[in-house]
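Below are the chains, spelled out letter by letter.
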Amino acid sequence: MADVITRDTAAAAMTAGRMEGPRGAKPKRSISPRNVFIYGTLLLVSIYYLLPLYVMIVTSLKGMPEIRLGNIFAPPVEITFEPWVKAWATACTGLNCDGLSRGFWNSVQITVPSVILSIAIASVNGYALANWRFKGADVFFTILIFGAFIPYQVMLYPIVILLRELGIYGTLWGLILVHTIFGMPILTLLFRNYFTTVPEELFKAARVDGAGFWGIYFKIMLPMSLPIFVVAMIIQITGIWNDFLFGVVYTKPDVYPMTVQLNNIVNSVQGVKEYNVNMAATIITGLVPLFIYFVSGKLFVRGIAAGAVKG
Amino acid sequence: MTSVSIRDLTLKFGSLEVLKSLNLDIDEGEFLVLLGPSGCGKSTLLNCIAGLLDISDGQIFIGGNNVTWSEPSERGIGMVFQSYALYPQMSVEGNLAFGLKNARMPKDEIEKRIARAAEVLQIEPLLKRKPAQLSGGQRQRVAIGRALVRDVDVFLFDEPLSNLDAKLRAELRVEIKRLHHRLKNTMIYVTHDQIEALTLADRIAIMRNGIIQQLDTPHEIYNRPVNLYVAGFMGSPGMNFIEGELSHHSEAALNFSSTKVPLGRYPFASDDRPGKAIFGIRPEHVSCGAAASDEPFSIDVEIEVVEPMGADTLVWAVLDGREFRFRVDGQSELRAGQTTRIGFDPAKASIFDAQTELRL
Amino acid sequence: MTTIPAPAATQRPIRLFRNKAAKIAAIPMILTALVVFMGGTIWTVVFSFTKSRLLPKAQFIGLDQYERLWSSSKWGIAIENMVIYGLCSLVFSLIIGFVLAALLDQKIRFENTFRTIMLYPFALSFIVTGLVWQWILNPDFGIQKVVRATGWESFSFDPLNNQEIVIYGILIAGLWQGTGLIMCLMLAGLRGIDEDIWKASRVDGIPAWKTYLFIVIPMMRPVFVTTLVIIASGIVRLYDLVVAQTSGGPGIASEVPAKYVYDAMFLSQNLGQGFAGSTMMLLAVLIVLIPWAYMEFGGRKRG
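A quick note: this is a predicted structure, and the numbers were derived from the prediction, not measured. The residue count restarts for each chain, going from 1 along the sequence in the order it is written. As they are written, the chains are lettered A onward and the ligands numbered 1 onward, keeping that order. Local features in this predicted model are restricted to residues whose pLDDT is 70 or higher, and side-chain atom pairs enter the listing and the counts only when it is 80 or higher, whereas totals over whole chains, interfaces and linings include all residues. The side-chain values count all of the structure's non-hydrogen atoms but skip hydrogen atoms and water molecules.

Participant: Explain the overall build of chain A to me, please; I cannot follow it from the model alone.
Facilitator: Within chain A, the regular secondary structure consists of 15 helices and 0 strands. Exposure classes here rest on a 1.4 Å probe applied to the protein chains alone. A residue is buried below 20% of its type maximum, exposed above 50%, and partly exposed in between. Taken over 311 residues, chain A has a buried fraction of 55%. Surface accessibility follows the Shrake-Rupley procedure with a 1.4 Å probe radius. Residue values consider only the protein chains on display as shielding. Surface summary for chain A: the accessible area is close to 13600 Å², and the carbon and sulfur share equals 68%. For the purposes of this entry, the term helix denotes a DSSP run of H or I that reaches at least four residues, the term strand denotes a run of E that reaches at least two, and both are numbered from the N terminus.

See the structure below:
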């Protein structure tokens, strides 16, 4: 019943103002003040949320003279892709002038192994916690979850020492290890919670059938849980791609991830500010997570909701 | 010969004792039902036998071998679960083959066994399908098949019919019975459904709080419950219980309010004669109307509620101030508010010590 | 096939080796929990009582670092900013998030579109967010200029260059990025509420706002608590956004603790200050976390 009503009301609300409201005894239909209020508010809010994206895009397509004279909200009079090319290939950070491309490929080289490694480890952890409960496991898990709340700053320096001891401080592999470590709490929680929803009887049946720890993981659990792996990938790809702090602390300039390089390009004090190039660079950096976001849709929501699921 | 033997099995979760020093012997080819309300430990016991739970103390023998610490797959058992527990991403064939593949059995032998199980259970046309494409009844057949292909001596069933609707449940019940007649394996079957227990079992073990209350044939359990709990648990609607004083003048009798039920015909099982006792009689052992006067004991009751249930009718009445239920033929014309005469044979009753709740 | 192992199986196996594969698989988790999270935290706390400067040095000097920390005006501003930003973002994101969620929960059309729009900023990094808002709030090209161009010459809106209100400029960007998440969590909470509650309150003739205020919100207590913890842990971590938007400026007006710690450790070779600062951050988190954990888990165990 409710569905039918909302369909009509919504359709009416979208054309509100142009259509006459039905006159009749039936209340609560079409352009009720309530609907005008709801859709009006949501529209205004949506404009607020979309505005920065819009400004980013139009600015990146304008030439500098147009930016100086015009209005940042105005669409470009003359569309130019030069800022994009410059941001990608020739923008300068300090001494390097090879644009964001270097950072992009660094980020790819950081993100891909980090995502694979962290998900592989965390999924096995979660599986061990959910289905093979052993004494003491909960203690470690609790520490791990508490660890997710400890400010990173507290662990920054000890990890520097750790990476130095391992000989990977300042390298891509050092950063990959850091991402794997800090991805562990949320991912382990995610997988543990998911695997506990797999019916226990399935697990028991597999044990009666003689499958062991790895047999059950690879042959039963893994094929059943592809969606949760996708969710984990979404969390990790966006999280690692967007990371700034770890990138700046644990890598050297030539392996800086994209976010660090972007900040250096935009906030560098030398030279004339080229706002169009800056916005093009900003947008390019945001493209990967935005792409993931718009493609993954509902799974992304599930992923962020997973962060709120209690252990 | 004994097939499964459990010695002093204790299971603790922390300080909570779920199973208390439990002993149980199951004969080869026997169909044993573990019956009890949820939380009584019946499923836990089955999981211990399967090796899916580590026990705290005691020993488990299957087929003469001590399997107390063996892996589930090494115990010579097959198990069927309530939720079927079919591997969703594998075909029916894959489900049946999974255990055999894990045991590294040759391919042709696997095929032979699957073919045989499929024939027994009549699931040949389903072999290529995925579990999601099967009905509940078909899924449970496949689940049974998975136990069948293992070619084991002992089958464990963990409430296998509880997820099915009433009609299918009745059908599959018969099928499991048929299967048992054909295969003659030992079967241990956990359920909370007393109809399943009564129809399937060679012996029933009624459990409560991790202790077996009574282990006996369905007939004995139904007619001669050893304690008040078993008497109340078995039968639906449950037994009528009336508390009263035992007197032993010329013959034993139970007195309550102004009523005296003579117990001369009751076969006392023990010599204890406490003052207070609980008298129990099943609703179906009560006759009504003309037949009532032929019974050794009869009395007038006032009818409160009549519940026609088709084949028979359940009558809620008041017997000397106590609630009293009895069952009459479905065609009966009894009405609420009427007074009618009922009667029963105290020999069919059960009498329990009010204190110890044990059968007298 | 049913080869039953020899009498060895009658012996109770040694505890440690039971579940061996699971224990081996959990080693990365155990190492992370013990070495990095616990070990690292303890190490930092211990070294916050030392004289470490360029390199960690186990020369203990008591509370000196803390005294210096709390007498530093930069740290004072950082704390003040964190409190202002924290309180505002807590209040605003809870209110805005809940109101938006309630609006989206009215069985409206295009719910997915609206939700997608409100949540997309959350997919962006703080750096991107900070740079965009830096641009929009730019006094020479951004909002201020646009409004002035309409004829209102005296209009002034330049938060990023005004020491008094710079933190609110950061707040605008932070809220833009984060409220979508809160809205989504709240929406999930609202969806978790039994439809029958709404039916019952309609039958009883209770107005919608009253139902929200007195029935729904109290029922959503767990959602609010988790949301609160998420927002709170985000507040303490606030760093990238400040770096991108203002680099802590103008002057030191938009410093935050996380930035203070980073600067002390990696820019000004003052490790001890960094350790002391991060220990204070840890303390702040524990003040929020411990009562929450106690409420969530401690109470349940007893009940």
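Participant: Sorry, what's going on with the pairing of strand β11 (residues 240-248) of chain B here?
Facilitator: Side-chain positions along a regular strand alternate between the two faces of the sheet. All names here are of chain B. Direction of pairing for β11 relative to strand β14 (residues 276-281): antiparallel, over a ladder of 6 bridges. Looking at the pairing, Asn240 lines up with Ile281 of β14. The pairing criterion for strands is at least two bridges between them, as found by DSSP. When β11 meets strand β12 (residues 252-256), the two strands line up antiparallel, connected through 4 bridges. When the sheet's bridge partners are listed, Glu245 is paired in β12 with Asn255. Linking β11 to β12, which pair antiparallel, is a turn of 3 residues.

Participant: Is there a simple way to explain the domain arrangement of chain A in this structure?
Facilitator: Interface size is commonly expressed as the accessible surface area that is lost when the partners come together. All names here are of chain A. Each domain's limits were defined by an automated method or a database of domain assignments. Along its sequence, chain A is carved into domain 1 (2-80) and domain 2 (101-306). With 9 residues of domain 1 at the contact, the number on the domain 2 side is 9 residues. Accessible-area loss on putting two parts together, using a 1.4 Å probe and summing over both, is the definition of buried area adopted here. Between domain 1 and domain 2 lies a buried interface of about 720 Å² when both sides are counted; carbon and sulfur atoms form 81% of it. The term salt bridge refers to a side-chain nitrogen of Lys or Arg lying within 4 Å of a carboxyl oxygen of Asp or Glu. For the interface between domain 1 and domain 2, the tally reads 0 salt bridges. We call two N or O atoms a polar contact when they sit within 3.5 Å, provided that within protein one can donate a hydrogen and the other can accept it, with sequence-adjacent residues counted only if both atoms are side-chain atoms. Taken together, the connections running from domain 1 to domain 2 amount to 1 residue pair in polar contact (both at pLDDT 80 or more). For the side of domain 1 that touches domain 2, the secondary structure elements donating two or more residues are α2 (33-60) and α3 (64-69). Taken together, the residues of the side of domain 1 that touches domain 2 sort by class into 5 nonpolar, 3 polar and 1 charged. Any two residues having at least one pair of non-hydrogen atoms within 4.5 Å are treated as being in contact. In this count, Pro and Cys sit with the nonpolar residues alongside Ala, Val, Leu, Ile, Met, Phe, Trp and Tyr, while Asp, Glu, Lys and Arg are called charged and the others, Gly among them, polar.

Participant: Where do I start with the packing of aromatic side chains in this structure?
Facilitator: The aromatic pairing rule takes the rings of Phe, Tyr and Trp, using the six-membered ring of Trp, and pairs them if the centres are within 6.5 Å, calling planes under 30 degrees apart stacked, those over 60 edge-to-face and the rest tilted. Tallied over the full model, the rule gives 55 aromatic pairs over all chains. Taking 5.6 Å as the distance between ring centres and 35 degrees as the angle between the ring planes, the aromatic pair formed by Phe279(B) and Phe344(B) counts as tilted. You can see Phe279(B) sitting in strand β14 and its partner Phe344(B) sitting in strand β19 (residues 339-344), a full 65 residues away along the chain. Exposure class is identical for Phe279(B) and Phe344(B). Each is buried. Note on Trp75(C) and Tyr260(C): the rings are 5.1 Å apart at their centroids and 70 degrees apart in plane angle, and the pair reads as edge-to-face.

Participant: Where do I start with the interface of chain C and chain A in this structure?
Facilitator: Between chain C and chain A, the residue contacts involve 95 residues of the former and 96 residues of the latter. Of the roughly 8300 Å² buried between chain C and chain A on both sides combined, carbon and sulfur atoms contribute 77%. On the surface where chain C and chain A come into contact, there are 0 salt bridges. When residues in the side of chain C that touches chain A are grouped by element, the largest group, 14 residues, is from helix α2 (residues 27-47) of chain C.

Participant: What is the right way to read a negative patch on the surface from this model?
Facilitator: Among the surface-exposed residues, Asp27(B), Glu28(B), Asp151(B) and Asp153(B) lie close enough to one another that they form a single negatively charged patch. Considering the arrangement of structural elements, one finds Asp151(B) in the loop between α4 (136-148) and β7 (154-158). Like charges within 9 Å and nonpolar side chains (Val, Leu, Ile, Met, Phe, Trp, Tyr) within 5 Å are joined into patches, using only residues over 30% in relative accessible area that form no salt bridge. This count recognises Lys and Arg as positive and Asp and Glu as negative, with His and chain-terminal groups excluded. The atoms used to mark charge sites are NZ of Lys, CZ of Arg, CG of Asp and CD of Glu.

Participant: Is there a simple way to think about the sheet that holds strand β3 (residues 31-35) of chain B in this case?
Facilitator: Whether parallel or antiparallel, the strands of a sheet pair through hydrogen bonds between backbone atoms. Residue and element names in this part refer to chain B. The strand order across the open sheet formed by 6 strands is β6-β7-β8-β3-β9-β10, and the pairing between neighbours is mixed. Strands at the two margins of the open sheet, each flanked by one partner only, are β6 (77-80) and β10 (211-216). Sheet twist, expressed as the mean angle between neighbouring strand axes with direction ignored, is 20 degrees. For β6 and β7, the ladder comprises 4 bridges, and the chain directions are parallel. When the bridges of β7 are listed, Gly78 appears paired with Phe155. Sheet strands touched by α4: β6 and β7. Its angle to β6, the strand with the most contacts, is close to 170 degrees. To get an axis, a line is fitted to the C-alpha atoms, and for a helix only the part in contact is used. The angle between two axes follows their N-to-C directions and goes from 0 to 180 degrees.

Participant: How should the sheet that holds β11(B) be read in this particular structure?
Facilitator: Residues and elements named next belong to chain B. An order of β13-β12-β11-β14-β20 is seen for the 5 strands of this open sheet, with the pairing classed as antiparallel. Of all strands in the sheet, those bounded by a partner on one side alone are β13 (259-262) and β20 (350-353). Going across the sheet, the axis of each strand differs from the next one's by a mean of 40 degrees, ignoring polarity.

Participant: Got a minute to help me understand a positive patch on the surface in this structure?
Facilitator: Together, Lys219(A), Lys101(B), Arg104(B) and Lys107(B) make up a region of like positive charge exposed at the surface. The residue Lys101(B) is located in helix α2 (residues 92-102) in this model.

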